[in-house]
Amino acid sequence: MIASAPGKVILFGEHAVVYGRHAVVTAINRRCYADVKKSSEIRIRSSIATTELDFDKHPYVSFAIKRFMSFSPISGVEIKIRSKIPVSSGLGSSAAVTVSVLKALDAEFEAGLTNEDIYEIARKVELDVQGRASGTDPFISTYGGSWLIPERKKIGVDNLRILIIDSQQSSVTSEMVSKVAKLRERYPEIIEDIFDAIDSISLRSIDSLEKKDFSKISDMVFINQCLLRSISISNERIDELISRLSRDGITAKITGAGGGGCLIGFGSDEAIASVLDNYPAFAVEPELEGVKIEH
Ligand code: PMV
């Protein structure tokens, strides 16, 4: 049985969302595929390695299998993972792996799980591996679509071309979150004001995104990036990349934790075409479909 689940991008509001402000997040049309077959032993194959249950090399898949076993006994299973979502770059690849594996296990072993069950189990798997997590990635990967969080209000952002540019540095979410926490401890009143400004951007962006008003979207992207820079999660290489992109007609910002990972950018079709040719970049669109069985 093959199941797939999408990755995600945070359009606006990363970091501020950790302190209760709004963020705008969308599933993207890059998916992870899990091919699951009953077998006599447990085997997990991916581009990383071929292993048995291995909480080191395949932590998300291994915890997913372990948690699934409390719903349906498994004596053996062969799982093949194929992902079109770059890892450690803020695009939700871990959640997409977890959610697609759980859906395929459910179908193969006829466990009768609902998507809400799958989301709940994936959220626990995220906690098993990371210790602390908001549950946003498994939510978006399970249900697809574009959302205002934390209240999980659906928004209508279809057919929006989003450029993803790889900064070619890895991003470690926990490090970046603690960097911001330290800055906030030193200057609480300043940093809280910056979070409030980011909150206004997230709320203001919805109308521009729904109307595809690229001039306003670019303004929001520019201001949000300046604010992310002010809370120290950008770096020299990212700043240079953003300046270069700006000269090439693309307004870009960090997406996710920062310190590396991917940027998102918006611009004219010609500017996007030129960036796709000249940068480590690809284009995505919001994805309406969450986890599903592939036929
Ligand atoms: O880079 P990612 O996809 O792990 O996103 C992190 C987003 C933060 O706002 C920095 C943290 C969070 O849990 O929301």
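The notes below deal with the structure included here.

Cut-off values and rules
- Residues numbered from 1 in each chain as written.
- Predicted model: local features only at pLDDT ≥ 70, side-chain atom pairs only at ≥ 80, totals over all residues.
- Heavy atoms only, no water.
- Axes fitted to C-alpha atoms, helices over the stretch in contact; angles between N-to-C directions.
- Helix = DSSP H or I, 4+ residues; strand = E, 2+ residues; numbered from the N terminus.
- Left-handed = near helix turned anticlockwise from the far one by under 90°.
- Contact = heavy atoms within 4.5 Å.
- Nonpolar A, V, L, I, M, F, W, Y, C, P; charged D, E, K, R; others polar.
- Phe/Tyr/Trp six-rings, centres within 6.5 Å; stacked < 30°, edge-to-face > 60°.
- Buried < 20%, exposed > 50% of the residue type's maximum accessible area, 1.4 Å probe, protein only.
- Salt bridge = Lys/Arg side-chain N within 4 Å of Asp/Glu carboxyl O.
- Pairing = 2+ DSSP bridges.

### Focus: the packing of helix α1 (residues 59–68) against helix α2 (residues 93–109)
As a packed pair, α1 and α2 sit with axes 9 Å apart at the nearest point and diverge in direction by 35°. Pair α1 / α2 crosses with right-handed handedness. Each of Y60, V61, A64, I65 and F68 in α1 lies in contact with α2, whose residues at this interface are S94, V97, T98, V101, L102, L105, D106 and F109. In terms of residue class, the contact of α1 with α2 is made up of 10 nonpolar, 2 polar and 1 charged.

### Examining the packing of aromatic side chains
Going through the model one piece at a time under the given rule, you end up with 8 aromatic pairs. The interplanar angle of 55° and the centroid separation of 6.1 Å between the aromatic rings of F68 and F109 together place this pair among those described as tilted. Taken together, the residues F68 in helix α1 and F109 in helix α2 connect sequence positions 41 residues apart. According to the relative accessible area criterion, F68 is buried, its value standing at 0%. Ring centres 5.8 Å apart and planes at 80° place the aromatic pair Y119 and F139 in the edge-to-face group.

### Points about the pattern of salt bridges
What the rule picks out here adds up to 15 salt bridges. Here R123 makes a salt bridge to E120, at a shortest N to O gap of 3.1 Å. Residue R123 and its partner E120 are located together in helix α3 (residues 115–130), separated by 3 residues, close to a single helical turn. Overall, the relative accessible area of 28% leaves R123 in the partly exposed class. Between R184 and E192 there is a salt bridge, with its nearest N and O atoms 2.5 Å apart. A relative accessible area of 30% places R184 in the partly exposed class. Within the structure, one salt-bridge network assembled from shared partners comprises R21, R184, E192 and D196.

### Let's talk about the pairing of strand β2 (residues 23–38)
Counting buried residues in β2 gives 12 out of 16 residues, a clear majority hidden from the surface. As defined by bridge partners, strand β1 (residues 2–12) adjoins β2 across 10 bridges and the pair is classed as antiparallel. When the sheet's bridge partners are listed, P6 is paired in β2 with R31. With 4 bridges connecting them, β2 and strand β6 (residues 146–149) associate as antiparallel partners. The residue bridging T26 from the neighbouring strand is S146, located in β6. Examined bridge by bridge, β2 and strand β5 (residues 77–83) share 7 bridges and lie antiparallel to one another. Within the sheet, the bridge partner assigned to K38 lies in β5 and is V77.

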